[in-house]
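# Secondary and tertiary structure notes
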Amino acid sequence: QFQLVESGGNSVQPGGSLRLSCAASGFTLEYYAVAWFLQAPGDEREGVSCITNSGGWEYYIDPVKGRFTTSRDNAANMVYLQMNNLKPEDTAVYYCAASWNIQALCAMRPREYDIWGRGTQVTVSS
C-alpha cells in the first residue's frame, strides 16, 4: 500500500532544533514532489516547504526561510525537514505529502498532493 509516515516531532525549547523524517513505503518516491504542511489547532492546513522529485529545487514560505531545510534521499525513499532556531509559532502538527501530479514542480496547495502522512507533533515552548 502507498503510505507516508512522519517521525521526529517532539517538544523543544525556543531556539532548539528538530529533524522530521518522512518515510515512504509501497511506492517509489523519486517520481513525486514532496511537501511539508503544518496545521495548528483550529486553523487550515498550510504549506511550509516543498522539494521537487529530483531535489533540484526547493521552496520555503517566508517565516521559515533560513531556518528550515528540506532534503530528500530517493535511494532511501526518505524526505527530511531540518528545523533550526525553532520558535513558539512553529508549534503545529507537521505533515508530509507526495504529489505525482506535479513531480518536478513545487506547489503549496494541498489539493495537488495525492499521498499524505498522518502527521507528527512539534511543540516549541519554554
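Scope of this entry: the structure provided in the associated data block. Not measured: the values here are computed from a predicted model.

Quick notes on the rules
- Residues numbered from 1 in each chain as written.
- Predicted model: local features only at pLDDT ≥ 70, side-chain atom pairs only at ≥ 80, totals over all residues.
- Heavy atoms only, no water.
- Core = buried A, V, L, I, M, F, W, Y, C linked by side-chain atoms within 4.5 Å.
- Buried < 20%, exposed > 50% of the residue type's maximum accessible area, 1.4 Å probe, protein only.
- Helix = DSSP H or I, 4+ residues; strand = E, 2+ residues; numbered from the N terminus.
- Contact = heavy atoms within 4.5 Å.
- Polar contact = N/O pair within 3.5 Å; in protein donor to acceptor, adjacent residues only side chain to side chain.
- Pairing = 2+ DSSP bridges.
- Axes fitted to C-alpha atoms, helices over the stretch in contact; angles between N-to-C directions.

## A look at the nonpolar core
Ranked by size, the top nonpolar core spans 29 residues in total, and within it L4, L29, W36, M83 and Y94 carry the most contacts. Within the second largest apolar cluster, 9 residues are counted, among which are A35, F37, I102 and Y113.

## A word on the side chain of N53
Inspection of the secondary structure assignment puts N53 in the loop between strand 5 (46-51) and strand 6 (58-60). Apart from the residues lying within four places of it in its own chain, the contact partners of N53 are E30, Y31, Y32, A33, R72, N74, Q103 and A104.

## Describing the environment of Y94
Considering the arrangement of structural elements, one finds Y94 in strand 9 (residues 92-99). On the basis of relative accessible area, Y94 is assigned to the buried category, the value being 0%. A polar atom in the side chain of Y94 sits 2.6 Å from the backbone oxygen of D90.

## Section: the sheet that holds strand 1 (residues 3-7)
Spatially, 1-3-8-7 is the arrangement adopted by the 4 strands of the open sheet, whose pairing is antiparallel. On the outer flanks of this sheet lie strand 1 and strand 7 (68-73), each paired with one strand and no other. With direction set aside, neighbouring strand axes in the sheet form an average angle of 15°. Bridge analysis of strand 7 against strand 8 (residues 78-83) gives 6 bridges, and the strand direction is antiparallel.

## Thoughts on the pairing of strand 5
Burial runs high along strand 5: 5 of the 6 residues are buried. In terms of strand pairing, strand 4 (residues 33-39) meets strand 5 through 5 bridges, oriented antiparallel. If you follow W36 over to strand 5, its bridge partner there is S49. Counted between consecutive antiparallel strands, the loop separating strand 4 from strand 5 contains 6 residues, among which G42 sits at a positive phi close to 80°. Bridge analysis of strand 5 against strand 6 gives 3 bridges, and the strand direction is antiparallel.

Worth remembering: the numbers are spatial, not functional.
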